[in-house]
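# Coordinate analysis (summary)
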Amino acid sequence: TMFICGANLKEHRRRHIDFWKDVYGFDMKCLVDPRDRFLDTYVDTVDPLSICTSEVSLLDLDIATVKTDDLDFDVPFRMQALRDDQLERFVVSFDTEFSQNLKNHVTLCTGAGSPETHWQQTIFALASPLVVKKGDFVVGRVTAKRRKSNNREYDVRVSYHVEGNEAQKKVQDWAVRAN
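Reading the values: rules and limits
Residues numbered from 1 in each chain as written. Predicted model: local features only at pLDDT ≥ 70, side-chain atom pairs only at ≥ 80, totals over all residues. Heavy atoms only, no water. Phe/Tyr/Trp six-rings, centres within 6.5 Å; stacked < 30°, edge-to-face > 60°. Helix = DSSP H or I, 4+ residues; strand = E, 2+ residues; numbered from the N terminus. Buried < 20%, exposed > 50% of the residue type's maximum accessible area, 1.4 Å probe, protein only. Lys NZ or Arg CZ within 6 Å of the ring centre and 35° of its normal. pLDDT = per-residue confidence, 0-100. Salt bridge = Lys/Arg side-chain N within 4 Å of Asp/Glu carboxyl O.

Turning to the packing of aromatic side chains, a few remarks are in order. Aromatic ring pairs: the centre-centre distance and the angle between the two ring planes describe each pair. Per the counting criterion, the structure on display carries four aromatic pairs. Centroid distance Phe 77 to Phe 90: 5.6 Å. Interplanar angle 70°. Geometry classified as edge-to-face. Here Phe 77 is found in strand 4 (residues 73-80), whereas its partner Phe 90 is found in strand 5 (residues 85-98), with 13 residues between them in sequence. When sorted by exposure, Phe 77 lands in the same class as Phe 90, which is buried. Plain terms: the ring middles of Phe 94 and Trp 119 are 5.9 Å apart, the flat faces sit at 75° to each other, and that makes the pair edge-to-face. Of the two residues, Phe 94 sits in strand 5 while Trp 119 sits in the loop between strand 6 (106-109) and strand 7 (121-132), which places them 25 residues apart along the sequence. For Phe 94, a relative accessible area of 27% puts it in the partly exposed group. Its end group placed over the ring of Phe 137, Arg 78 keeps NZ or CZ at 3.6 Å from the ring centre.

On to the confidence of the model for the chain, then. The share of residues in the chain with pLDDT of 70 or more is 92%, and the mean pLDDT across the chain is 88. Between the elements of the chain, mean pLDDT differs from a low of 66, seen in helix 1 (residues 10-17), to a high of 98, seen in strand 4.

Pairing of side chains with opposite charge becomes possible as their charged atoms draw close. Considering all chains together, one arrives at seven salt bridges under this definition. The residue Arg 146 makes a salt bridge to Asp 72 at a minimum N-O spacing of 3.1 Å. Within this pair, whereas Arg 146 is found in strand 8 (residues 137-146), its partner Asp 72 is found in the loop between strand 3 (56-59) and strand 4, the two being separated by 74 residues in sequence. Look at the salt bridges and you will find they share partners, linking Arg 147, Glu 153 and Asp 155 into a network.

This is the structure in structure tokens:
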């Protein structure tokens, strides 16, 4: 199962963006184009305290029966804000259950707050953050298509807005690259 939730960037901003403002006393932020952080996704361990929405199921795939065509998808989501905050990134993770022909089932969880794995979480930083109030529903759609040049890489489009405020709908594209 693939999951999505929303998070702020406070800790990430401190470690990866604001860091360049003072590198051993030198202002080096000119080395980083802030627009670059919105072009590609990245993999990182997300602090569970930065999660500001519910985590919702995005896609269910059975690893024993999944077909290649199932790996391109277009699915809606609806998550609820847990507190007043700024939604600055979407966080995607997955759980995989290993149960076929096993006496004891094993589930690998990669979400924020789960024991850390090398998969970590995939981060989709938002160029246009969304202000949310506790109880708001953030609704949207994720469209993911594998690239013809490398079927391990994706082009992903996410549209999103606070439910009831369709006029402020935002759409953003990312590249998910194989490392």
